[in-house]
Amino acid sequence: MATVPGVLGPIDTADLGFTLMHEHILIANPAMRKAFPDWIDPEAHVEKATAEVLAAKQRGVGTIVDLTPINLGRDLGIIREVAARAEMQVIAATGLYWAEEPWLLAWPPDALVDWLLRDLVEGIEGSDVRAGIIKCATDHLGVTETNEKLLQVAAHLHRKSGAPLSTHTNVEQRVGPEQQNVFEREGVDLSRVVIGHCGDSQDLAYLESILARGSFIGMDRFGVDLILPTKQRVETLVELCRRGYAGQMVLSHDACCHIDWFPGIDLTAVAPHWNFRHVCDDVVPALREAGVSEADVTKMTVENPRRIFEAQGAY
Ligand SMILES: [Zn+2]
């Protein structure tokens, strides 16, 4: 039996079930929360997030992977409380989001690894809850010196812990292959990596170049219609299934029960499908409608997540 650390305890990988591989229970700037204790109302947020997680559960979701990195305000207490109230299997992440932060400049990768490894082997925030996955990110600036260091940190954490790697990319700048290059140089087996946000792209040649190197790709922003509407996302997914890549894709929304990036904007109005329900409610039915086989749907939603977490070897 293989297990993966969940926030409520170890999860048998056979019990992961339908898994959303890239979501966020909370994104809130940790420095602003520290400076202004009422930046968010934790109890109100827990209630709202619990309702959203329960709605996903009612639709058959078995596990939610919370890919919030430390510096986007990962809050284990809140993640755990929501998981407990909704009785949902949730896997938390460690890692640092892309950021050209001054404090990072002088840190050598392995000094950062020494700190972050604690999340994977001891527990997060002084608890005994271990992270089950490693997050890293490259955005529009590309693989800068600092970003390369953060990718190296993620690679070293992976090699020391065996936990899988999952990334954020900016597909406009086509940074997925550059991330793969860094991981390859660091000795990472690219089949242990999910290159995230690939569903933002309709460029099949770009996507196939990532797939050809063995990585999974995250079709993981369903509901972010402002970048690409669901219809186009589904068309790309259907075509990649037709080309035989269902075994290398995972589905999710990259949705946040709360995010403090868009003040004054009602996200339920601007992005009405950006929630934990859209894949179950609309995307899977659209795939079936387009002729994607039940076996391929099961691969992308159940079997691939299981393989990603089961391959963790000594972890
Ligand atoms: Zn995300």
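Residues numbered from 1 in each chain as written. Predicted model: local features only at pLDDT ≥ 70, side-chain atom pairs only at ≥ 80, totals over all residues. Heavy atoms only, no water.

**What about the environment of Pro272?**
You can see Pro272 is positioned in the loop between helix 9 (267-270) and helix 10 (278-289). Taking the C-alpha atoms as reference, Pro272 lies 8.9 Å from Asp225; in sequence the two are 47 residues apart. (Helix = DSSP H or I, 4+ residues; strand = E, 2+ residues; numbered from the N terminus.)

**Quick word on the packing of helix 5 (residues 145-161) against helix 6 (residues 176-185)**
Close contact between helix 5 and helix 6 brings their axes to 9 Å; oriented N to C, the two are set at 55°. Accordingly, the angle class assigned to the pair helix 5 and helix 6 is oblique. Between helix 5 and helix 6 lies a crossing whose hand is right-handed. Only Gln179, Val182, Phe183 and Arg185 of helix 6 make contact with helix 5, whose side of the interface consists of Glu148, Leu151, Gln152 and Ala155. Residue composition of the contact of helix 5 with helix 6, grouped by class: 4 nonpolar, 2 polar and 2 charged. (Axes fitted to C-alpha atoms, helices over the stretch in contact; angles between N-to-C directions. Parallel < 35°, antiparallel > 145°, perpendicular 65-115°, else oblique. Left-handed = near helix turned anticlockwise from the far one by under 90°. Contact = heavy atoms within 4.5 Å. Nonpolar A, V, L, I, M, F, W, Y, C, P; charged D, E, K, R; others polar.)

**Observations regarding helix 8 (residues 230-242)**
Three- or four-residue spacings in an α-helix give side chains the same orientation, since the helix completes a turn every 3.6 residues. Its 13 residues give helix 8 an end-to-end C-alpha distance of 18 Å, which sits within 8% of 18 Å, the value for a rise of 1.5 Å per residue. Restricting attention to buried positions, one finds in helix 8 the residues Thr230, Arg233, Val234, Thr236, Leu237, Val238, Glu239, Leu240 and Cys241. Looking one or two residues beyond helix 8, the residue adopting positive phi is Gly244, at roughly 95°. (Expected span 1.5 Å × (residues − 1). Buried < 20%, exposed > 50% of the residue type's maximum accessible area, 1.4 Å probe, protein only.)

**Digging into the sheet that holds strand 4 (residues 61-66)**
Across the sheet, 8 strands lie side by side as 3-4-5-6-7-8-9-10; this open sheet has parallel pairing. On the outer flanks of this sheet lie strand 3 (18-23) and strand 10 (249-251), each paired with one strand and no other. Geometrically, the sheet is characterised by an average inter-axis angle of 30° between neighbouring strands, direction not taken into account. Taken together, the 4 bridges between strand 3 and strand 4 define a ladder with parallel strand orientation. Opposite Phe18, over in strand 4, you have Val61 as the bridge partner. Contacts from helix 10 reach strand 3, strand 4 and strand 10, with the element oriented near 115° to strand 3. (Pairing = 2+ DSSP bridges.)

**Some details on a nonpolar patch on the surface**
Residues Leu226, Trp261, Phe262, Ile265 and Val270 make up a contiguous nonpolar surface patch of roughly 500 Å² in combined accessible area. Its location among the elements puts Ile265 in the loop between strand 10 and helix 9. (Patch = residues over 30% accessible without salt bridge, like charges linked within 9 Å, V, L, I, M, F, W, Y side chains within 5 Å. Areas by Shrake-Rupley, 256 points an atom, 1.4 Å probe, with all protein chains shown as cover. Salt bridge = Lys/Arg side-chain N within 4 Å of Asp/Glu carboxyl O.)

**With respect to the environment of Ile124**
Position of Ile124 among the secondary structure elements: in the loop between helix 4 (109-121) and strand 6 (133-137). Given a relative accessible area of 0%, Ile124 falls into the buried group. Remark: the alpha-carbon pair of Ile124 and Asp75, spanning 49 residues in sequence, is separated by 9.3 Å. Ignoring sequence-local partners within four residues, the contact set of Ile124 consists of Arg74, Leu76, Ala92, Ala93, Asp119, Val129, Arg130 and Ala131.

**Focus: helix 5**
Taking 1.5 Å of rise per residue, 17 residues should cover 24 Å, and helix 5 covers 24 Å from first to last C-alpha, within 8% of that figure. With respect to burial, helix 5 is a largely interior element, 13 of its 17 residues being buried. Once helix 5 ends, the next one or two residues include Gly162, with phi positive near 85°.

**A short note on the packing of helix 2 (residues 42-58) against helix 3 (residues 76-86)**
As a packed pair, helix 2 and helix 3 sit with axes 9 Å apart at the nearest point and diverge in direction by 45°. With respect to their mutual orientation, helix 2 and helix 3 come out oblique. Note on packing geometry: the crossing formed by helix 2 with helix 3 is right-handed. Across the interface between the two elements, Pro42, Glu43, His45, Val46, Glu47, Ala49, Thr50, Val53, Leu54 and Lys57 of helix 2 pack against Ile78, Glu81, Val82, Arg85 and Ala86 of helix 3. Partitioning the contact of helix 2 with helix 3 into residue classes produces 8 nonpolar, 2 polar and 5 charged.

**Overview of the coordination of the zinc ion**
For the zinc ion, the full set of protein donor atoms is His22 (NE2), His24 (NE2) and Asp254 (OD), and the range of their distances to it is 2.1 Å. We classify Asp254 as buried; its relative accessible area is 8%. (Donors = N, O, S within 2.8 Å, 3.2 Å for Na, K, Ca; no water.)

**As for the side chain of Ser127**
Mapped onto the fold, Ser127 is located in the loop between helix 4 and strand 6. Reaching out from Ser127, the side chain makes a polar contact with the backbone oxygen of Ile124 at a distance of 2.7 Å. Within the local environment of Ser127, its side chain forms a polar contact with the backbone nitrogen of Val129, the two atoms lying 3.0 Å apart. Beyond its immediate sequence surroundings of up to four residues, Ser127 is in contact with Leu76, Arg80 and Glu122. (Polar contact = N/O pair within 3.5 Å; in protein donor to acceptor, adjacent residues only side chain to side chain.)

**Some points on the nonpolar core**
Within the largest apolar cluster, 87 residues are counted, with the highest numbers of intra-cluster contacts made by Phe183, Ile217, Met219, Met249, Leu287 and Met300. Ignoring any residue separated from it by four or fewer positions in sequence, one finds Ile217 in contact with Val194, Ile195, Cys198, Leu207, Ile210, Leu211, Leu240, Gln248, Met249 and Val250. (Core = buried A, V, L, I, M, F, W, Y, C linked by side-chain atoms within 4.5 Å.)

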